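The chain contents come next:
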Amino acid sequence: MKKRVAASKKRLPDELSNSNQPPSDEQKLELRTKLGDLEAEFQRIVGKPFASDLPEKELPSKAKNTWDAIRAHRSFLSPIRLVTAEIWQTIFQLLLEVDEEFDKAPDLNVLGTLCRVARHWRLAAITHCRLWNRLPSLWMYSMKVQNFEKLKTCLRLFISRSGALPLTFSCSIYKGIWKFREDHVREILRMVIKESHRWKEVSIKMPFDAHEELAFVKGKLPMLSKLTLNIGHSYCTSKSQEITLDYFQVAPSLREVDISARYVFDDTNMSHPKIIFKLPVAQFESYKVESHCDTVYSDLLKKGSTELRVVEVMSSRMPELPSIPLTFSNLEKIDLRTGTNGSVILEHLEFLTLPALSDLEIRARFEPPDPLYDQVLSLIRRSGCSLTRLALDNVNVQADVFASILSLSPKLEELDFFAVTTTSLETLVLDQASPSPPSPRLKKMTIRSADRGGELEILDGAAFMQMFKSRMGALEGADPEVFQPLEEIRFVWEDDEMLHMQLTLFESTERESTTQTAEEDEEGFPLRQLASKLRMDLRTKLVRYWHPKRQYFNLKLHMKLDRHMRELEGAKLTEGSSLVLMRRGIPYLLHRLKEMPSGRVLGDRIFHFRSRGGTLLEKWKPFLLKDIRSFSYRWSHCANGVAFLRRNLKDEEDDQIWKDIVGISRDSRMTYDMMAFTPWLW
């Protein structure tokens, strides 16, 4: 009888150890009784009470089993076993929360792990619909049939467990997959289309030839609030003049639309059919589009919602726009980019009144004399708005008009414009004593190269440095409620060599602003000369992805590059050397050299240029980080034709400064190479 009772007490922990279920009231009583006996036994053996922080090495060997049993019994009585299913479901939901990007899919590994930990965890997870209404990514890019079967199984699981909740998902179909696996793709598409009455936030990327599948959702979208639609390349040879897509015309909850039909056809040939989207524009809050000929914007102007906040239109051709006065009281951002004549946009701006406008960008085929700045000034005055961002295309600007725009934009934080005259640069000089200083809160500025009449505009180095110093280095003690220092100037040039020449024009003026003596300046001349020479070697010979085949066997060229590299490796760095190296983009080019794939770099098999570039960067790293911090700003080259001038911040970490030094993008969604081409269409 005693053996049977002892065995029963011994089995109790084993039963609980196989799960995370909370013990029953009877089991709790047994556990506490047994725990008291075990603790008494431990004190008898060891001579002192049980303590969880007692080092195991101090335990007698005969107390080890009792020690383990006490810890096990305490774990069975842990409060975590008493957490209810509702609380676990809330914890799981917080764990699976994703970024603001609505098309980001759930982490299937996390969901799978939660369902494998314990039976009551699994039950809590699979019965909580909110964990399953964000469908897995429907990325169809593999030809393997088994991948389609796995995706179907996973999709059925999520749909069944999501109950009747609204669905969010992202679907991406590669054009080749549609062509060779059409049946499998159609089956998956129809699984989600069958649930179209539950769609809430949807992102779909598909080839144009698959668009007819979306016809099944027409009139069945009562909950759809956000749509991202990317229509890709088409194999069709339709002779039709127009193709109308009206699948989303009836969607009473639709508020945000982002459409891309830019790459449906290989070119902008006028013989291609025009793709016309029919959408419920009267209820829109945000509309973004990239296409060859957008007609929705015209509909939006005629029937637009009073709640419209954002409009971004990138269209190769712009249809006729209504010539009537239009007021949008809540429109905060308008971005118009078109390949048509700029006169269409200029006339359109005359009829707009936008009291809430804060972000304005205009790009079109303007002629230098076109009065774009005049029309923007009239828009600001008529609307009574205050811009925080302004980006305008390449036209001549009169200094007084430019000054008026700045004075009427006291909250302006970002300015994107093309290379301007000396007078315009002088207009940007910040005078703290002025009763109406021009845009005193300006933080970011982008200056683009301007080719007007076949002549490249050159920035006046002295005028630029005067403006730069007035905004980036002379605001100590200024009222932060009124004045903000300029944090970043971005230079975007179509030709990288011309950008280098432009930046060197700043050099003499820049050296005058430092504390260098004439002797120190003379000592720095060899480094400037060497850096300019090696910059050309790095850019044109070492970090290019394509070379004539003969250059791979040109040992004389390889030896010349090695000689120049050895000169740079032996260069003596002194105070201020970081400005020389950074302005010419040497650290950026060395980082690119280090990251080049094997077999692409001339002479690398013999002279190991890639590894030497990385070694030299590591050697320079401590000096560059220290030297850069001694100045109020730093240069940074980030891509061909793109350079930055950034303000040094006292609390900035070395890791972020180093990323700037070697040209690693701060924004994972936009590479620096993309910045150079952002304003243009094709």
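What you see is a predicted model; the values in this text were computed from it and never measured.

Reading guide: rules and limits
- Counting of residues starts from 1 at the beginning of each chain's written sequence and follows it residue by residue.
- Restriction of local features to residues with pLDDT of at least 70 applies here, the model being predicted, together with a cutoff of 80 or more for giving and counting side-chain atom pairs; totals for whole chains, interfaces and linings are based on all residues.
- Remark: hydrogens and water are excluded; side-chain values derive from all non-hydrogen atoms of the structure.
- Pairing of aromatic rings covers Phe, Tyr and Trp, the last counted by its six-membered ring, and requires centre-to-centre distances within 6.5 Å; plane angles under 30 degrees mean stacked, over 60 mean edge-to-face, and any other angle means tilted.
- Runs of E in the DSSP output that reach at least two residues are strands. Runs of H or I that reach at least four are helices, and both are numbered from the N terminus.
- Distance and angle both matter: a charge sits over a ring if NZ of Lys or CZ of Arg is within 6 Å of the ring centre and within 35 degrees of the ring normal.
- In this text, buried Ala, Val, Leu, Ile, Met, Phe, Trp, Tyr and Cys residues form a nonpolar core when linked through side-chain atoms within 4.5 Å.
- Summary of the burial criterion: residues with accessible area below 20% of their type's maximum are buried, those above 50% are exposed, and those between are partly exposed, where the area comes from a 1.4 Å probe applied to protein chains only.
- The criterion used for residue contact is that any of the two residues' heavy atoms lie within 4.5 Å.
- Only strands joined by at least two bridges in the DSSP assignment are considered to pair.
- When the strands point away from the viewer, a crossover counts as right-handed if the route from the first strand across the helix to the second turns clockwise.
- Within this analysis, the arc is defined by the directions that extend from the helix axis to the C-beta atoms.
- Any N or O atom pair separated by 3.5 Å or less is treated as a polar contact, with the protein-specific requirement of one donor-capable and one acceptor-capable atom, and with residues adjacent in sequence counted only for side-chain atom pairs.
- The axes are straight lines fitted to the C-alpha atoms, using for helices just the contacting stretch, and the angles between their N-to-C directions are given from 0 to 180°.
- An angle counts as roughly parallel when it lies under 35 degrees, as roughly antiparallel when it exceeds 145, as roughly perpendicular when it falls between 65 and 115, and as oblique in every other case.
- With the far helix as reference, a near helix turned anticlockwise by less than a right angle produces a left-handed crossing, and one turned clockwise produces a right-handed crossing.
- Residue polarity follows a fixed list, in which Ala, Val, Leu, Ile, Met, Phe, Trp, Tyr, Cys and Pro are nonpolar, Asp, Glu, Lys and Arg are charged, and the others, Gly among them, are polar.
- Within this document, salt bridges are pairs made up of a side-chain nitrogen of Lys or Arg and a carboxyl oxygen of Asp or Glu, the two lying within 4 Å of each other.
- As a per-residue measure, pLDDT tells how confident the predictor is, with possible values from 0 to 100.

## Description of the packing of aromatic side chains
Applying the stated criterion across every chain yields a total of 17 aromatic pairs. With a centroid separation of 4.6 Å and an interplanar angle of 50 degrees, the aromatic rings of Trp88 and Trp121 are classed as tilted. Here Trp88, found in helix H4 (residues 85-95), pairs with Trp121, found in helix H6 (residues 119-126); they are 33 residues apart in sequence, far enough to count as distant. Plain terms: the ring middles of Phe491 and Trp493 are 6.3 Å apart, the flat faces sit at 55 degrees to each other, and that makes the pair tilted. An aromatic cluster of at least three residues, connected via ring pairs, comprises Phe464, Phe468, Phe491, Trp493, Tyr633 and Trp635. For the cation-ring pair, Arg161 lies above Trp132, with the distance from its terminal atom to the ring centre recorded as 4.7 Å.

## Structural notes on the nonpolar core
Counting residues in hydrophobic clusters, the biggest one holds 173 residues, and the most contacted among them are Phe464 and Phe491. Discounting residues that sit within four places of it in the chain, Phe464 has contacts with Leu425, Ile447, Ile489, Phe491, Phe506 and Leu645. Leu38, Phe50, Ala63 and Ile70 belong to the second largest nonpolar core, which has 10 residues in total.

## Things to note about unusual backbone geometry
Backbone geometry at Ser439 places phi at a positive 45 degrees, although glycine is not the residue there. The phi dihedral of His608 is positive, around 55 degrees, even though this residue is not glycine. With respect to the helices and strands, His608 occurs in the loop between helix H23 (604-607) and helix H24 (609-629). Using a relative accessible area of 43% as the deciding quantity, one classes His608 as partly exposed.

## Observations concerning the pairing of strand E15 (residues 414-418)
The element E15 is largely enclosed, with a buried count of four among its five residues. The sheet contact formed by strand E14 (residues 389-392) and E15 spans three bridges and is parallel. The residue of E15 that forms the bridge with Arg389 is Glu414. After leaving E14, the chain enters helix H13 (residues 399-407) and then returns to the sheet as E15, a path that is right-handed.

## Considerations on helix H16 (residues 496-505)
Considered for burial, the residues of H16 that qualify are Asp496, Leu499, His500, Gln502 and Leu503. On an axial view of H16, the arc spanned by its buried residues comes to 160 degrees, and they lie on one face. A distance of 2.8 Å separates the backbone nitrogen of Glu497 from a side-chain oxygen at the start of H16, and that oxygen is part of Asp495.

## Looking at the packing of H4 against H6
Between H4 and H6, the shortest axis-to-axis distance is 9 Å and the interhelical angle comes to 70 degrees. By the angle class used here, H4 and H6 are roughly perpendicular. Crossing geometry of H4 relative to H6 is assigned as right-handed. Counting all contacts with H4, which are made through Ala85, Trp88, Gln89 and Phe92, the residues of H6 involved are His120, Trp121, Ala124 and Ala125. When grouped by side-chain class, the residues that make up the contact of H4 with H6 number six nonpolar, two polar and no charged.

## With respect to the side chain of Ser286
Here Ser286 is to be found in strand E8 (residues 286-293). Residue Ser286 is classed as buried on the basis of its relative accessible area of 7%. Sequence-distant contacts of Ser286, defined by excluding residues within four places in its chain, comprise Arg255, Glu256, Val257, Leu308 and Val310.

## Here we look at the environment of Lys274
Inspection of the secondary structure puts Lys274 in strand E7 (residues 274-277). The exposure class assigned to Lys274 is partly exposed, which follows from its relative accessible area of 26%. Residue contacts for Lys274: discarding those within four places in its chain leaves Gln241, Glu242, Ile243, Cys293 and Thr295.

## Concerning the pattern of salt bridges
Applying the stated rule across the entire model yields 40 salt bridges. The salt bridge involving Glu213 is made with Arg186; its shortest N-O contact spans 2.7 Å. Highlighted residues: Glu213 in the loop between strand E3 (199-207) and strand E4 (226-232) and Arg186 in helix H9 (residues 182-193), separated in sequence by 27 residues. A salt bridge links Glu285 to Arg309; the shortest N-O distance between them is 3.5 Å.

## Concerning the packing of helix H19 (residues 525-542) against helix H22 (residues 586-595)
Two numbers describe how H19 lies on H22: the axes approach to 10 Å, and their chain directions differ by 30 degrees. The orientation of H19 relative to H22 falls into the category roughly parallel. Considering the relative orientation of H19 and H22, their crossing is left-handed. Contacts from Ala531, Arg535, Leu538, Arg539 and Leu542 in H19 reach Ile586, Leu589, Leu590 and Leu593 in H22. Looking at the contact of H19 with H22 residue by residue, the class counts come to seven nonpolar, no polar and two charged.

## Side note on the confidence of the model for the protein chain
Of all residues in the protein chain, 87% attain a pLDDT of 70 or more, and the chain-wide mean is 83. Below pLDDT 50 for its whole length, residues 1-10 participates in zero contacts with residues either more than four positions away or in separate chains. Taken together, the stretch residues 99-103 has pLDDT below 50 and engages in 11 contacts with residues farther than four places along the chain or on a different chain.

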